[in-house]
Amino acid sequence: MAGLTESLGRLQERFAAAAAAVTGERELEALRVHYLGRNGEVTQLRRTIGTLPPDERREAGKAINDVVADMEALLEDAAGALRSRALETELAQSIDVTFPAPSCGLGSIHPVRRIIERTCDYFTRHGFAVVLGPEAEPEYYNFDALNIPDDHPARENFDSFWLNGGIVLRPHTSPIQVRTMQRYPPPVAIVAPGKCYRRDATDARHLYAFHQIEGLLVAEGIHFGHLKGTLEHLCREIFGPQQSVRFRPSYFPFTEPSAEVDTTCPKCGGTGHVAENARCAMCGGSGWIELGGAGMVHPNVLLEVKYDPDKYSGWAFGFGVERLGLALYEVDDIRRFVNSDPDFLAQLR
Ligand code: DAH
């Protein structure tokens, strides 16, 4: 028994030293087999138990079992150490903290929104309020109250999407004029941006859903000169100080007189051509870009909202935001504003 104890002691020491020096999983497995395998050193020692006197066998068996338990624990520790060393190596290789990080795309204000914000900013600085209105409107606000009765041919200019019950997806922002004047006594000064809908076939110049900005100023003594001055200043603020504004006689049922408002084409600077003999594609060679309609609020509209047309007068305008965007950003196709192309939006950032 003394001999066995001694052998076990030496064997355990050798094993511990070997286990501490192990550098890989295969080596570790070889070590296990060498000592604890079917023909391993410990197994061979165990076979000698039968040669001992019977009263020592029990103790010998226990001594061997203790050593085996120790060895197994050491093997477990060594395996754990190998695993964490492998993880450290892997981490050190795969994470280069100096490597440039992939940038997450920075968003930006959509160009349509930016034009709306700049226009509203101009008007709020001049004492106007920003108001909004519903996109689905009863016929009354869209047409009747704006001096466009049922049989009026001007209704055809507003080829609209009809919902049930005489409700229409508003084809212009002008109904907000009526809602505002019915709600507030004069004077009123508002600007009203919003989405509008028309049954237009989509092409480079038309969208069936687009934005307008409506303006309205009603007070005592307001005349056409105020309208011209205001819109000229607005255009100069948005396009630049060189900008001119042109008013062409036109017709809208809700204004009298009415005008179509144009501003200098920013692409050709109003010359109508971009190079020698090359017609400007932006303005079609006219040198002007159409912004929308405007005029002096028709007395019938004032009467409808119970404003006294002998005492009060006012101007109004309605501009197409995407149309303005085409000219301002020199874009060739209005659909670019709605097809969510991040490259396009980044260019205009
Ligand atoms: N609502 C008109 C349209 O969409 C544009 C317009 C013209 C608005 C004259 C106005 C205005 O306020 O006075 O075609």
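Owing to the predicted nature of the structure, the values given are computational and were not obtained by experimental measurement.

The rules behind these values
- Residues numbered from 1 in each chain as written.
- Predicted model: local features only at pLDDT ≥ 70, side-chain atom pairs only at ≥ 80, totals over all residues.
- Heavy atoms only, no water.
- Pairing = 2+ DSSP bridges.
- Helix = DSSP H or I, 4+ residues; strand = E, 2+ residues; numbered from the N terminus.
- Contact = heavy atoms within 4.5 Å.
- Axes fitted to C-alpha atoms, helices over the stretch in contact; angles between N-to-C directions.
- Domains from an automatic or database assignment.
- Patch = residues over 30% accessible without salt bridge, like charges linked within 9 Å, V, L, I, M, F, W, Y side chains within 5 Å.
- Areas by Shrake-Rupley, 256 points an atom, 1.4 Å probe, with all protein chains shown as cover.
- Salt bridge = Lys/Arg side-chain N within 4 Å of Asp/Glu carboxyl O.
- Buried < 20%, exposed > 50% of the residue type's maximum accessible area, 1.4 Å probe, protein only.
- Near = heavy atom within 4 Å.
- Polar contact = N/O pair within 3.5 Å; in protein donor to acceptor, adjacent residues only side chain to side chain.
- Nonpolar A, V, L, I, M, F, W, Y, C, P; charged D, E, K, R; others polar.

A. Up close: the sheet that holds strand β1 (residues 129-130). Across the sheet, seven strands lie side by side as β1-β5-β6-β12-β11-β8-β7; this open sheet has mixed pairing. Looking along the sheet, the strands with just one partner apiece sit at the ends: β1 and β7 (245-252). In this structure, β7 lies alongside strand β8 (residues 255-264), joined through seven bridges in antiparallel fashion. Looking at β8, one finds that Pro249 is bridged to Ala259. Here helix α10 (residues 321-328) sits on the sheet in contact with β6 (209-219), β11 (288-297) and β12 (313-320), set at roughly 65 degrees to β12.

B. The arrangement of the domain arrangement of the chain in detail. Under the domain assignment used here, the chain contains domain 1 (2-94) and domain 2 (111-347). Relative to domain 2, the C-alpha centre of domain 1 lies at a distance of 89 Å.

C. The arrangement of a nonpolar patch on the surface in detail. Residues Leu87, Leu91, Ile95 and Val97 make up a contiguous nonpolar surface patch of about 420 Å² in total accessible area. With respect to the helices and strands, the residue Leu87 is situated in helix α4 (residues 54-94).

D. Spotlight on the pairing of β12. Most of β12 sits out of view: seven of its eight residues are buried. As paired elements, β6 and β12 share eight bridges and run antiparallel to each other. Bridging across to β12, Gln212 finds its partner in Gly320. Here β11 pairs with β12 via five bridges, running antiparallel. Bridge assignment links Ala294 to a residue of β12, and that residue is Phe317.

E. Summary view of the site of the ligand. In the region of the ligand, 16 residues are neighbours, and His172, Ser174, Gln177, Arg198 and Glu214 sit closest. Contacts to the ligand include Phe317, whose backbone N or O atom sits 3.3 Å from an oxygen atom. When residues of the shell around the ligand are traced back to their parent elements, those giving at least two are β6, β11 and β12. Counted by class, the shell around the ligand contains six nonpolar, eight polar and two charged residues.

F. Focus on helix α7 (residues 175-183). Residues Pro175, Ile176, Gln177, Val178, Thr180 and Met181 constitute the buried set of α7. Buried positions along α7 lie against β2 (136-138), α6 (139-142), β5 (188-197), β6, α9 (299-304) and β12.

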